[in-house]
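# Structural description and commentary
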Amino acid sequence: MSQQGYVATPPYSQPQPGIGLSPPHYGHYGDPSHTASPTGMMKPAGPLGVTATGGMLPPGPPPPGPHQFGQNGAHAAGHPQQRFPGPPPVNNVASSYAPYQPSAQSSYPSPMSTSSVTQLGSQLSAMQINSYGSGMAHAGSGMAPPSQGPPGPLSATSLQTPPRPPQPSILQPGSQVLPPPPTTLNGPGASPLLPPMYRPDGLSGPPPPNSQYQPPPLPGQTLGAGYPPQQANSGPQMAGAQLSYPGGFPGGPAQLAGPPQPQKKLDPDSIPSPIQVIENDRASRGGQVYATNTRGQIPPLVTTDCIIQDQGNASPRFIRCTTYCFPCTSDMAKQAQIPLAAVIKPFATIPSNESPLYLVNHGESGPVRCNRCKAYMCPFMQFIEGGRRYQCGFCNCVNDVPPFYFQHLDHIGRRLDHYEKPELSLGSYEYVATLDYCRKNKPPNPPAFIFMIDVSYSNIKNGLVKLICEELKTMLEKLPKEEQEEMSAIRVGFITYNKVLHFFNVKSNLAQPQMMVVTDVGEVFVPLLDGFLVNYQESQSVIHNLLDQIPDMFADSNENETVFAPVIQAGMEALKAADCPGKLFIFHSSLPTAEAPGKLKNRDDKKLVNTDKEKILFQPQTNVYDSLAKDCVAHGCSVTLFLFPSQYVDVASLGLVPQLTGGTLYKYNNFQMHLDRQQFLNDLRNDIEKKIGFDAIMRVRTSTGFRATDFFGGILMNNTTDVEMAAIDCDKAVTVEFKHDDKLSEDTGALIQCAVLYTTISGQRRLRIHNLGLNCSSQLADLYKSCETDALINFFAKSAFKAVLHQPLKVIREILVNQTAHMLACYRKNCASPSAASQLILPDSMKVLPVYMNCLLKNCVLLSRPEISTDERAYQRQLVMTMGVADSQLFFYPQLLPIHTLDVKSTMLPAAVRCSESRLSEEGIFLLANGLHMFLWLGVSSPPELIQGIFNVPSFAHINTDMTLLPEVGNPYSQQLRMIMGIIQQKRPYSMKLTIVKQREQPEMVFRQFLVEDKGLYGGSSYVDFLCCVHKEICQLLN
């Protein structure tokens, strides 16, 4: 099977002297067992390994090195900051319109300068893409591959031959999108002369004469100079699109040094495009049925809509893996450095066109389990001896089948009731748990919701308290309930607070609610039991009475100081007294400065940014909140916090309890009623109604040879195996890392069983089981073929964001760059066929790993930016820790949709474009969404009919950019745009507030930070720069 990777050639075929990172760190952050660099591991690739040593290099401008990834330009550890001679740097965010003055001037250098990437473009001239399918071998070393046109410049005949149909799994960037027309900033205008190009064979020479701009190639055709890439190539290669630059590899005709050619920018369309990868997967797998009957198969991407049919392995909605084929040995795993991890979302929402989970009830006897490892009965158990015994698929122990569970086997050794029992034929199902699985061996009580409102002066004054009380009246009608139930079993209670706590008795037989005040916030107690937690339906009139009175009750209060920890303590004590699990909804707005446990001071210190002490900003100020969180989890009390800060509130401290108790943190900066009301109400409604399990404990079991070692998420761990969660809802994911403890076998594969014991909203104790079988292989190529980049980024983000608490950010960023280079170097060395060292080869499954990794490196958690507050960084860090794969994918690489191309007759979303300024146009209107924010960007020459249709105003100048909701205009454009925004919002856990951005106005600076393929305004590389940096790292590793 001949396969082939994606290839590109940057200008440095040899390592540059004096640049580079400290020795590579492996795998974990600061885990000493992983930091040793294995000597001699990476040998040069094949016969074309680079022989030139650093000392023999001709002088020339080095490529962008890792020093550019320092925070805001801070240099890499252990190396002085480099200053390179040569032309001044250019901003490679070549905008398709002239820059506006003066605000952007400082951040955007002048158009006449040129960066290392532009030099890269000039030296490498036109890129060529050769997409060979996996079944296609190279035809001899001196010939073009068979399906390609004749070698040499494209002739008319070769253009007329019908192109090979594009293969969905293979990238063909450039075949659809043409670059923008030349302008002063991105055109091929005059440019400084550059030194001649240095070719790997030691001859300096100009790029080939025909390297000026040519149209992008058609699928299956060569572009550029007339010899095929990889001349010495005859071995098999991994599947993938291959990219190379003519003249950049040995074996071409020798060229004498000559005058440099006019500069040619590196074409962004010729580097792997996330949009293309997403579209290809949708084209080949969208709308189809994906059956989970095969071990180790790779599911459609999270961005592809399909119908999932459970046939023995858990749906990818519940479990996604970084790779669906594990290496057989730990040595292989160390060699490849691909993290082996699963992102588990046990309560993921199942769409209405897929079957819900079956509930298995074995009565008093409870679920059948392996005697040795305690795994639950599942499709991986093998029945033997006529059905009297079964062998566990996880630990191989042979168990007796309990008499009640006995069934005969058919001629292939399968039970006759195989398809009638969900636990034998499905990957996911639920068991009714027996009393052995309950606290104190008695059935749990249904959970309770306690609403806790901060009634300090500012919240009363801005109308927030009134808004919350009004809304609760309608929202309490929608408390979650089991499908077959008349009304919700959840009880509700109410507390208000400022410096003291007010408990309310809302018992159904009272004419008026009664208030009890607790002033001793040091030792909180619950002043009433009977009448605090009530059934909403029974006490409705008393509750409405209370909600009407609260805003007036505190209308004259001037109290601005608040407490926070005692509020959580009070809620937890109330649940404990009622002996039920539950959830606290806390509405809070300021730093808790009143004398009480958990009192905080303002410690927001910008001087710590970019120092080794920056990590302190992410740590809680006091350990009060950590021990409070442990108490909450022990009593099944989850905390969801709605924050309305107008200044620093120390999210790192206040957010700790919500994070560790499986709650959610919502934050509305500078809340203004008319602008932010809808976003907050959507979040509150969604949070009250969402599917949730309480008082949960999760255990991940594996077959022999590997085990779960690390867990990331909204969880607490009191030992190494039990993942404790006060609650877990449909949006929360736990990411689990696995390590080998022995060899794995290709025959049996690697099996994972995730079991979650929890209490339902009606108070039933249940077990939810998800099973997944993965392949194992002793071939590295199989491991790379089965990777899922979106899950890898989820894992890297969570492990990096966890490390932020203990390590300097610069070290974390270096480790990420290093591990990226390492994974790709190992692929290059072991799986790709020999080729020039100057070529960058990416496995097909990891084509977009560099662009996504660069987005992670530029996120404000890992790279501070002056306009982002400490609280915002702590907030984003916390959100990512519980994200599933679909949410992290959108968060790091936002969706950018052209709205001006809308077809009002279609219900399809318009095709997305890449997140780069070069994709915007003055005549365009674009919608950008990342799961937290939504922007509508308006070009200065937007079509007037669209402006009128969407905003109902006569022209661009009349648009009010303060609005956060689009007006309801009864025409097709408006309806279509609002429908698209609804579709994007629908599956996301957070309500996205809309910001209207006009081109060339100040707020555009915020919008630009989301154009993640471009250079950041405050540090952070462009995608092209990062690709070069990673390639340079790979070359160093291979040498």
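Remember, predicted model here, so these are calculated numbers, not experimental data. (Residues numbered from 1 in each chain as written. Predicted model: local features only at pLDDT ≥ 70, side-chain atom pairs only at ≥ 80, totals over all residues. Heavy atoms only, no water.)

## As for the nonpolar core
Generally speaking, soluble globular proteins have nonpolar side chains that are buried together. Ranked by size, the top nonpolar core spans 198 residues in total, and within it F494, F680, L936 and F951 carry the most contacts. Looking at this core element by element, the count peaks at 10 residues for helix α17 (residues 809-830). Those residues within four positions of F494 in sequence are excluded, and the remaining contacts are F451, L472, L476, H502, F503, F504, V506, F532, I543, L546 and L547. A342, M698, C754 and Y758 belong to the second-largest nonpolar core, a separate cluster that totals 36 residues. (Core = buried A, V, L, I, M, F, W, Y, C linked by side-chain atoms within 4.5 Å. Buried < 20%, exposed > 50% of the residue type's maximum accessible area, 1.4 Å probe, protein only. Helix = DSSP H or I, 4+ residues; strand = E, 2+ residues; numbered from the N terminus. Contact = heavy atoms within 4.5 Å.)

## Overview of the pairing of strand β15 (residues 428-432)
For β15, a buried count of five out of five residues is recorded, marking the element as mostly surrounded by other parts of the structure. Where burial is concerned, the two faces of β15 agree: the one with S428, E430 and V432 and the one with Y429 and Y431 are both buried. As defined by bridge partners, strand β11 (residues 359-360) adjoins β15 across two bridges and the pair is classed as parallel. Across the sheet, V360 pairs through a bridge with Y431, a residue of β15. (Pairing = 2+ DSSP bridges.)

## Observations regarding the pattern of salt bridges
What the rule picks out here adds up to 42 salt bridges. Salt-bridge contacts for E573 lead to K576; the nearest nitrogen and oxygen are separated by 3.8 Å. Of this pair, E573 and K576 both sit in helix α10 (residues 565-578), separated by three residues, roughly a single helical turn. In this structure, R1008 and E1004 form a salt bridge, with 3.9 Å as the shortest nitrogen-oxygen distance. (Salt bridge = Lys/Arg side-chain N within 4 Å of Asp/Glu carboxyl O.)

## A look at the sheet that holds strand β10 (residues 341-344)
Spatially, β8-β10-β28-β25 is the arrangement adopted by the four strands of the open sheet, whose pairing is antiparallel. Single-partner strands in this sheet number two, and they are β8 (319-321) and β25 (706-712). Adjacent strand axes in the sheet meet at a mean angle of 25 degrees when their direction is disregarded. In this sheet, β10 lies alongside β8 in antiparallel orientation, the contact comprising three bridges. The partner of C321 across the bridge, within β10, is A342. Helix-sheet contacts for helix α16 (residues 789-803) involve β8, β10, β25 and β28 (734-740), and the interaxial angle to β25 is about 60 degrees. (Axes fitted to C-alpha atoms, helices over the stretch in contact; angles between N-to-C directions.)

## Describing the confidence of the model for the chain
A low pLDDT means the predicted coordinates there should not be read in detail. Residues with a pLDDT of 70 or more make up 74% of the chain, whose mean pLDDT is 81. Contacts of residues 1-5 to residues separated by more than four positions or lying in other chains number 35 contacts, the stretch itself having pLDDT below 50. Note on residues 8-28: pLDDT under 50 across the span, and 96 contacts to partners over four residues away in sequence or across chains. (pLDDT = per-residue confidence, 0-100.)

## Regarding the sheet that holds strand β14 (residues 398-400)
Taken together, three strands build an open sheet; the order of strands is β12-β13-β14 and the sheet is antiparallel. Where the open sheet ends on each side, the last strands, each with one partner, are β12 (382-384) and β14. Strand-to-strand, the axes of this sheet are offset by a mean angle of 35 degrees, without reference to chain direction. Two strands pair when backbone bridges link them, and strand β13 (residues 389-391) and β14 are joined in this way by three bridges, in the antiparallel orientation. Each residue of the ladder has a partner; that of Q391, found in β14, is V398.

## Concerning the side chain of T664
Structurally, T664 can be placed in the loop between α13 (656-660) and β23 (665-667). With residues near it in sequence (within four places) discarded, T664 still touches V639, T640, L641, P658, D687, K690, D729, K732 and Y990.

## Looking at helix α4 (residues 274-285)
Along its 12 residues, α4 runs 16 Å from first to last C-alpha, staying within 8% of the 16 Å computed at 1.5 Å per residue. Within α4 the residues assigned to the buried category are P274, I275, Q276, I278, N280 and D281. In this fold, the buried residues of α4 make contact with α18 (849-858) and α20 (885-892). The backbone nitrogen of I275 lies 3.2 Å from a side-chain oxygen of the residue at the head of α4, namely S273. (Expected span 1.5 Å × (residues − 1). Polar contact = N/O pair within 3.5 Å; in protein donor to acceptor, adjacent residues only side chain to side chain.)

## What about the environment of A342?
With respect to the helices and strands, the residue A342 is situated in strand β10. Considering only alpha carbons, one finds A342 and F711, 369 residues apart in sequence, at a separation of 9.8 Å. Filtering out sequence-adjacent residues up to four positions away, A342 remains in contact with I319, R320, C321, V734, T735, V736 and F738.

## Details of the packing of aromatic side chains
Going through the model one piece at a time under the given rule, you end up with 35 aromatic pairs. Aromatic side chains F326 and F706 sit 5.5 Å apart centroid to centroid with 80 degrees between the ring planes, which places their arrangement in the edge-to-face category. One end of the pair, F326, is in strand β9 (residues 325-327); the other, F706, is in strand β25, with 380 residues separating them in the sequence. Like F326, the residue F706 is buried in the burial classification. Aromatic side chains F451 and F585 sit 4.9 Å apart centroid to centroid with 20 degrees between the ring planes, which places their arrangement in the stacked category. Note that F451 is positioned in strand β16 (residues 448-454) and F585 in strand β21 (residues 582-588), a separation of 134 residues in sequence. (Phe/Tyr/Trp six-rings, centres within 6.5 Å; stacked < 30°, edge-to-face > 60°.)

## A look at a nonpolar patch on the surface
Taken together, the side chains of M515, V517 and M553 define a hydrophobic patch exposed on the protein surface, amounting to about 240 Å² of accessible area. Exposure remark for M515: the relative accessible area of 39% places this residue in the partly exposed category. (Patch = residues over 30% accessible without salt bridge, like charges linked within 9 Å, V, L, I, M, F, W, Y side chains within 5 Å. Areas by Shrake-Rupley, 256 points an atom, 1.4 Å probe, with all protein chains shown as cover.)

## A short note on empty space enclosed by the protein
A probe matching the size of a water molecule, rolled over the atoms, marks out where space remains unfilled. Tallied over the entire structure, the rule returns 15 cavities of 30 Å³ or more. Taken as a whole, the second largest cavity spans an internal volume of roughly 140 Å³. Residue lining of the second largest cavity: 17 residues in total, with D731, M883, D887, P989 and Y990 positioned closest to the centre. Of all the elements, α20 adds the most residues to the lining of the second largest cavity, at three residues. (1 Å grid on protein atoms, 1.4 Å probe; cavity = no way out; pocket = protein on both sides within 12 Å on 5 of 7 lines; lining within 4 Å. Points joined across faces, edges and corners; volume = space filled by probe spheres on them.)

## With respect to the packing of helix α8 (residues 464-475) against helix α9 (residues 536-553)
Put simply, α8 and α9 touch, their axes get as near as 9 Å, and they point 165 degrees apart. Between α8 and α9, the angle is such that the two are roughly antiparallel. Here the hand of the crossing between α8 and α9 comes out left-handed. Between α8 and α9, the residues in contact are V465, K466, C469, E470, L472 and K473 and Y536, H544, L547, D548, I550 and P551, respectively. Residue composition of the contact of α8 with α9, by class: seven nonpolar, one polar and four charged. (Parallel < 35°, antiparallel > 145°, perpendicular 65-115°, else oblique. Left-handed = near helix turned anticlockwise from the far one by under 90°. Nonpolar A, V, L, I, M, F, W, Y, C, P; charged D, E, K, R; others polar.)

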